[in-house]
Amino acid sequence: MKTRTWIIILSSAVIVCAVLWMFILNSSSPSKIVGIYQDGSLVEKIDLNSVTDEREITLNGKFGKNIIFISHGHIEMKSAECPDKICVKHGALEIGGTPIVCLPNKVVIQFEETPYGADAKTGAAE
Ligand SMILES: [Zn+2]
C-alpha cells in the first residue's frame, strides 16, 4: 500500500515536471504572430520573429495615413495623421501589453497568439 502511494506521488510529480518543462520551453520562444486590422478586417498577419528586413506598411484611413514600422521582433506605429496620435505614443507592441489602437482610423495591431494570455483571445474582435 505504501509503495503504491509512492508510485502515484512520483508519477504525478513526473507529469507535473513535464508540463512545467513544456510551459518553460514555450515561453522561452513565444510566437510573435501579429495581426494588423483596419475597419475590423485583417490587413496582414506577420510573424515578427521571421522578419529579416525592416519595412513599413502604410494604411489610409479616414483621418489620413498610418505608417507602421516593422523589424525583427518589433512593430510600432511610426507615424500617423490621426488627430490624437495615441497610436504613435503607444510605442512598440509588447507581449502582455495592450494592442496598438488607432481609434480615428480604426487600426488595431495586436498579437494573434499570446502565450501569457490565451484567455484574452476569446474576446477579440474579428
Ligand atoms: Zn492614431
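The structure under discussion appears in the preceding block.
Residues numbered from 1 in each chain as written. Predicted model: local features only at pLDDT ≥ 70, side-chain atom pairs only at ≥ 80, totals over all residues.

Undergrad: Tell me about the pairing of strand E4 (residues 64–71), residues and numbers included.
TA: Summarising the sheet, strand E3 (residues 55–61) and E4 pair through 7 bridges and their orientation is antiparallel. From the neighbouring strand, Asn60 faces E4, where its bridge partner is Lys65. The antiparallel pairing of E3 with E4 creates a hairpin that spans 2 residues between the two strands. Bridge count between E4 and strand E5 (residues 74–80): 6 bridges; the pairing is antiparallel. Bridging across to E5, Phe69 finds its partner in Glu76. Between E4 and E5, which pair antiparallel and follow one another directly, the connecting turn spans 2 residues, one of which, Gly73, has a positive phi of 70°. (Pairing = 2+ DSSP bridges. Helix = DSSP H or I, 4+ residues; strand = E, 2+ residues; numbered from the N terminus.)

Undergrad: Mind laying out the sheet that holds strand E1 (residues 33–38), listing which residues take part and the relevant values?
TA: Across the sheet, which stays open at both edges, the 4 strands sit in the order E2-E1-E7-E6 with antiparallel pairing between neighbours. A single partner strand is all that each edge strand has here, and the edge strands are strand E2 (41–47) and strand E6 (100–102). Adjacent strand axes in the sheet meet at a mean angle of 15° when their direction is disregarded. As paired strands, E6 and strand E7 (residues 107–111) are joined by 3 bridges and run antiparallel to one another. Bridge pairing in E7 places Cys102 opposite Val107. (Axes fitted to C-alpha atoms, helices over the stretch in contact; angles between N-to-C directions.)

Undergrad: Pulling in residues and values, what's your account of unusual backbone geometry?
TA: Backbone geometry places Asp39, a non-glycine residue, at a positive phi of 55°. Mapped onto the secondary structure, Asp39 falls in the loop between E1 and E2. The phi dihedral of Lys106 falls on the positive side, at around 55°, and the residue is not glycine. With respect to the element layout, Lys106 can be found in the loop between E6 and E7.

Undergrad: Which residues make up the nonpolar core, and what values go with them?
TA: Cys87, Val107 and Ile109 are the most contacted members of the largest nonpolar core, which totals 18 residues. Those elements that place two or more of their residues in this core are E1, E4, E5, E6 and E7. The leading source of residues in this core is E7, at 4 residues. (Core = buried A, V, L, I, M, F, W, Y, C linked by C-beta atoms within 7 Å. Buried ≥ 20, exposed ≤ 12 C-beta atoms within 10 Å, placed from the backbone.)

Undergrad: For the sheet that holds E4, give the residues involved together with the corresponding values.
TA: Across the sheet, 3 strands lie side by side as E3-E4-E5; this open sheet has antiparallel pairing. Both edges of this open sheet fall to E3 and E5, since each of them pairs with a single strand only. In this sheet, adjacent strand axes meet at a mean angle of 25° when their direction is disregarded.

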